[in-house]
Amino acid sequence: MKEVSVIVGGKAGDGINNAGAIIAQILNHLGYYVYIYTDYPSLIRGGHNFALIRAADIPVGAHNNRIDYLVALNQETINLHFPQCPDCTVVANADLVKSVHNGQTVSINTILKEETAPPITANSAMIGAFAKSAGIPWEIVSEVFRLHMPKAEENSRVARRAYDQIRTTRPISAIPGPAHSLLSGNEAIGLGLVAGGLSSYIAYPMTPASTMLHFLAGNAERFGITVIHPENEIAVILMALGSAVAGAKTAIGTSGGGFCLMTEGLSFAAMAEIPIVIVVSQRTGPSTGLPTYTGQADLQFVLHAGQGEFPRFIVAPADPGEAYLWSAAAIRLSWKYQIPAFVLTDKTLSEGTYSLDINQIGDLPAPDPILWDGDGPYQRYRDTPSGVSPLAFPGGKDAIVKVNSYAHDESGITTEEAQLVTQMTEKRRKKEAKLRDELNLYPCVNIRGSTGATTALLCWGSVRNACDEVAARLGLRVIQPVVLSPFPEQQFSVACKGVQHLIAVEENATGQLAALAREYGTSIGATILKYDGRPFTPDELFVKVQEVMAP
C-alpha cells in the first residue's frame, strides 16, 4: 500500500478541522483515497485540536500511528506529536513555534499583516506551506481552494505567500485515478434517510450527532424536508411521534445522554406502533463522560431501552457506504413494520470523513408501507397474519385514527381485558417474526478478509475498518454483523462456519457484542477491548491480535 499521513494541529478556534478538510481535498485531487480523524476536547476555544489525514492508493477507514508531515500552528502541537514521529517533516508557524527539527517555518503574522487578511486565514497559509513542502503543484492547491474554501480568493492569496517561502523537501507524487466524493458518516446517514423517504428531521444538538442536524438543516430546501430544533430531547421524540402519526417519515438524532431522556417516548412508539428512526451516535460514557470522544458502550442500552417487550430494528454501519444504504433501509423497514428503528453509530464514523465512490454503493430492497385501502371501518391496530395493521392518517377520508399508549384493542380503545392484552402483545411479536424473515433478503452479516480462515475477528460499527487492515496482514477472517436486532442468527451461523478461534474486538469495557453473540450460542475465544475514547488504530490492533493468537 502506498500511503501518506498528515497531522495539522493547533488550538480550538484556529480552524483545524477546515484545514484538515482542505489538505484532504488536495490529496484527493492527487488521486488518493483519504480518511480524516479529528481529535478535540470539549472546549469552544483553547485546548489542543488536531486533524489526522491519512491518504492511500486503496480505500482506508482508520488512521495509523505513522506520521509523515506535521503541520503545527503552535508549539503545543510540536511538543505533543513530534516525539511520536521524529522522522516526520515539519511545517510550523514561526510566530508561535520556537524550534523545529526536520522542517521549516513561515511567519504567519507577517503574511496576514501584509495581505490585510483576518487571523482565521492563518490555516490557509499553513496549507500553502505544507503543499510546497510536499511538492504539490500550485495549480492543484488553487483549484481546491476555488472549489472548497469560502472567500477563496483571499485565502488563496495568503496560501500562495506561504507557498512561495517554502522549499520542497518531501515530495508526494500523484497517482492515477479521479478525485472521489468526501463524506462524513453523519452526512452519509442524512443522505440515506433522505433516500429512504425522509420528510422531517427533528433533533437537539448533542455531539457527535450534531453535525447531522447542521447538514440536514443546511440542505433542507434542496432535499425537500422539514428540519426542527426543539428545546430538549423529550420534546424531540414527542414532536417526532406526532409528525409520524400525521404521515411524515420522521427521524431524530442524539447521543446516549439525550437518548436516556427519550426512552419513555420510545415505549410510547412501541405500544402505539408509530414508525420512528432514531440515530444514536455513541460517545464515551457514562453520563457526560468524554463528550467529544468515541465508544461502543451503548449497544446493550439500545437493545433493551424502554419498558416492556417490543420489536425494534437496529443497524450499525461501519463506513459511509453502509451508513447510506442502511439508513435508507431503516426508515423503509420502520414504516413497513411500524416499529422503532435505530441507526447505531459512533463518533469515529459520525465525524470521520471518508472517500466514497458513489457508483460502488449498490442497493438494498425498498419495501413500501402498507396503507389502508378504505374498505370497511378503519381499525388502527387491526390484527393481521403479519401483525402489520394498514396505515391511515388523521384527516383522511372515512378513517378515525386513534393513537393510544395504553393497552388497547384493534380499534385503539383502552382495555385491561386479559385476552385482548395477550392478543395485541402477540400481534406485535408477529411483526418481529416477519421482519426477521424479510431480513434474510438483506446482507445482515459481512464476511471479509480471508473468508476461509479458521481465526476470525468479530466486530461491529467503525471498528471493522481497523479489523480489515489487520486481517489483511495476518490472513484472518472478519465477521461483522450489520444488523443487531433482530439478531441475524442464520447468517451469523454461516459466517462463523469453520471458525475455530473467534476474537471479539470492541470499543467498550465489557464486550457487548460478544455477550450478544453468546446469547445465540456462539463461543468467543478472546476479547480485545479499548475504552479510553480513542479508536483502534490498525498498528495498535495488529499487536494486540498477535498477542492473543500467540501459543
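Take the environment of Ala-152 next. Of note, Ala-152 is situated in helix H6 (residues 152–165). Once the C-alpha coordinates of Ala-152 and Ser-142 are considered, the two residues, ten residues apart in sequence, prove to be 8.7 Å apart. When near neighbours in sequence (up to four residues on either side) are disregarded, Ala-152 contacts Phe-145 and Arg-146.

Our next topic: helix H13 (residues 320–337). Helix length check: H13, at 18 residues, gives a terminal C-alpha distance of 25 Å against a target of 26 Å (1.5 Å per residue), a fit within 8%. Taking burial as the measure, the 18 residues of H13 include 16 buried ones, the bulk of the element. For H13, the side-chain oxygen to backbone nitrogen distance between the N-cap and Gly-321 is 3.1 Å, and the N-cap itself is Asp-319.

So, about a nonpolar patch on the surface. Residues Ile-234, Leu-238 and Leu-261 make up a contiguous nonpolar surface patch of roughly 260 Å² in combined accessible area. For Leu-261, the position within the fold is in helix H11 (residues 256–272). The exposure class assigned to Leu-261 is partly exposed, which follows from its relative accessible area of 44%.

This brings us to the sheet that holds strand S20 (residues 526–529). Strands belonging to one sheet form pairs held by backbone hydrogen bonds; the direction of such a pair is parallel or antiparallel. Read across the sheet, five strands follow the order S15-S17-S16-S19-S20 without closing on themselves; strand pairing throughout is mixed. Strands with a single pairing partner mark the edges of an open sheet, and in this sheet they are strand S15 (445–449) and S20. Direction aside, neighbouring strands of the sheet carry axes that sit 25° apart on average. Contacts from helix H17 (residues 489–496) reach S15, strand S16 (455–458), strand S17 (477–481) and strand S19 (501–506) within the one sheet, and its direction differs from that of S17 by about 175°.

The next point concerns unusual backbone geometry. Cis peptide bonds are those with omega within 30 degrees of zero, and the linkage from Thr-207 to Pro-208 qualifies with 5°. Along the chain, Pro-208 turns up in the loop between strand S8 (200–203) and helix H8 (210–218). Residue Gly-285 is joined to Pro-286 through a cis peptide bond whose omega torsion reads -5°. Within the secondary structure layout, Pro-286 lies in the loop between strand S11 (276–282) and helix H12 (299–304). Here Thr-116, not a glycine, exhibits a phi torsion of approximately 50°, which is positive.

All right, on to the packing of aromatic side chains then. Evaluation of the coordinates by the stated rule reveals 13 aromatic pairs. When the ring of Tyr-35 is compared with that of Tyr-354, the centres are 5.0 Å apart and the planes differ by 55°; the resulting orientation is tilted. Highlighted residues: Tyr-35 in strand S2 (residues 33–39) and Tyr-354 in strand S14 (residues 353–356), separated in sequence by 319 residues. Note on Tyr-35: relative accessible area 1%, which makes it buried. Take Tyr-354: its relative accessible area is 2%, and that puts it in the buried class.

Core analysis: the biggest nonpolar cluster contains 88 residues, and Ile-252, Phe-259, Ile-278, Phe-313, Trp-326, Leu-458 and Ile-479 have the highest contact counts within it. Residues in contact with Phe-259, not counting those within four places in the same chain, are Thr-254, Leu-266, Ile-278, Val-280, Phe-301, Val-302, Ala-305 and Phe-342. Residues Val-91, Ala-134, Ala-159 and Ile-166 belong to the second largest nonpolar core, which totals 48 residues.

Moving on, we get to the layout of surface pockets. The calculated volume of the largest pocket comes to roughly 1000 Å³. Lining the largest pocket are 40 residues, and of these Gly-15, Ile-16, Asn-17, Asn-18 and Ala-21 sit closest to its centre. Mapped by element, the contributors of at least two residues to the lining of the largest pocket are strand S1 (3–12), helix H1 (16–29), S2, H6, strand S7 (181–184), helix H7 (185–195) and H8. When grouped by side-chain class, the residues that make up the lining of the largest pocket number 16 nonpolar, 18 polar and six charged. Estimates place the volume of the second largest pocket at around 850 Å³. Together, 36 residues line the second largest pocket, and Pro-59, Asp-319, Arg-448, Arg-464 and Asn-465 are the ones closest to its centre. At the level of elements, S2, H13, S14, S15, helix H16 (463–474) and helix H19 (538–549) are the ones that each hand at least two residues to the lining of the second largest pocket. Looking at which element gives the most residues to the lining of the second largest pocket, the answer is H16, with six residues. The residue inventory of the lining of the second largest pocket, partitioned by class, reads 17 nonpolar, seven polar and twelve charged.

What follows concerns helix H5 (residues 138–148). Turning to H5, its buried residues are Trp-138, Val-141, Val-144 and Phe-145. The buried side chains of H5 occupy one side of the element, clustering within an arc of 125° when seen end-on. Exposed positions of H5 whose direction lies more than 90 degrees from the buried face are Glu-139 and Arg-146. Next to the buried residues of H5 lie H1, helix H4 (122–133) and H6.

Okay, the packing of H4 against H6 next. Orientation of H4 relative to H6, taken along the N-to-C sense of each, is 40°, at an axis distance of 7 Å. In terms of their interaxial angle, H4 and H6 are classed as oblique. With respect to the hand of their crossing, H4 and H6 are arranged in right-handed fashion. Touching Ser-124, Ala-125, Gly-128, Ala-129, Ala-131 and Lys-132 of H4 are Asn-155, Val-158, Ala-159, Ala-162, Tyr-163 and Asp-164, all from H6. Per-class residue counts for the contact of H4 with H6 are seven nonpolar, three polar and two charged.

Any two side chains of opposite charge can pair if their charged atoms end up close together. Scanning the entire structure with this criterion turns up 24 salt bridges. For Glu-432, the salt bridge identified is with Arg-436, shortest N-O distance 3.7 Å. Here Glu-432 pairs with Arg-436, and both are found in helix H15 (residues 418–438), just four residues apart, close to one helical turn. Notably, a salt bridge pairs Lys-530 with Asp-532, separated by 3.1 Å at the nearest N-O pair. Relative accessible area serves as the criterion here: at 10%, Lys-530 is assigned to the buried category. Within the structure, one salt-bridge network assembled from shared partners comprises Glu-3, Arg-54, Arg-66, Asp-68, Arg-170 and Glu-469.

Thresholds, definitions, all that
- Residues numbered from 1 in each chain as written.
- Predicted model: local features only at pLDDT ≥ 70, side-chain atom pairs only at ≥ 80, totals over all residues.
- Heavy atoms only, no water.
- Helix = DSSP H or I, 4+ residues; strand = E, 2+ residues; numbered from the N terminus.
- Contact = heavy atoms within 4.5 Å.
- Expected span 1.5 Å × (residues − 1).
- Buried < 20%, exposed > 50% of the residue type's maximum accessible area, 1.4 Å probe, protein only.
- Polar contact = N/O pair within 3.5 Å; in protein donor to acceptor, adjacent residues only side chain to side chain.
- Patch = residues over 30% accessible without salt bridge, like charges linked within 9 Å, V, L, I, M, F, W, Y side chains within 5 Å.
- Areas by Shrake-Rupley, 256 points an atom, 1.4 Å probe, with all protein chains shown as cover.
- Salt bridge = Lys/Arg side-chain N within 4 Å of Asp/Glu carboxyl O.
- Pairing = 2+ DSSP bridges.
- Axes fitted to C-alpha atoms, helices over the stretch in contact; angles between N-to-C directions.
- Phe/Tyr/Trp six-rings, centres within 6.5 Å; stacked < 30°, edge-to-face > 60°.
- Core = buried A, V, L, I, M, F, W, Y, C linked by side-chain atoms within 4.5 Å.
- 1 Å grid on protein atoms, 1.4 Å probe; cavity = no way out; pocket = protein on both sides within 12 Å on 5 of 7 lines; lining within 4 Å.
- Points joined across faces, edges and corners; volume = space filled by probe spheres on them.
- Nonpolar A, V, L, I, M, F, W, Y, C, P; charged D, E, K, R; others polar.
- Arc of directions from axis to C-beta.
- Parallel < 35°, antiparallel > 145°, perpendicular 65-115°, else oblique.
- Left-handed = near helix turned anticlockwise from the far one by under 90°.

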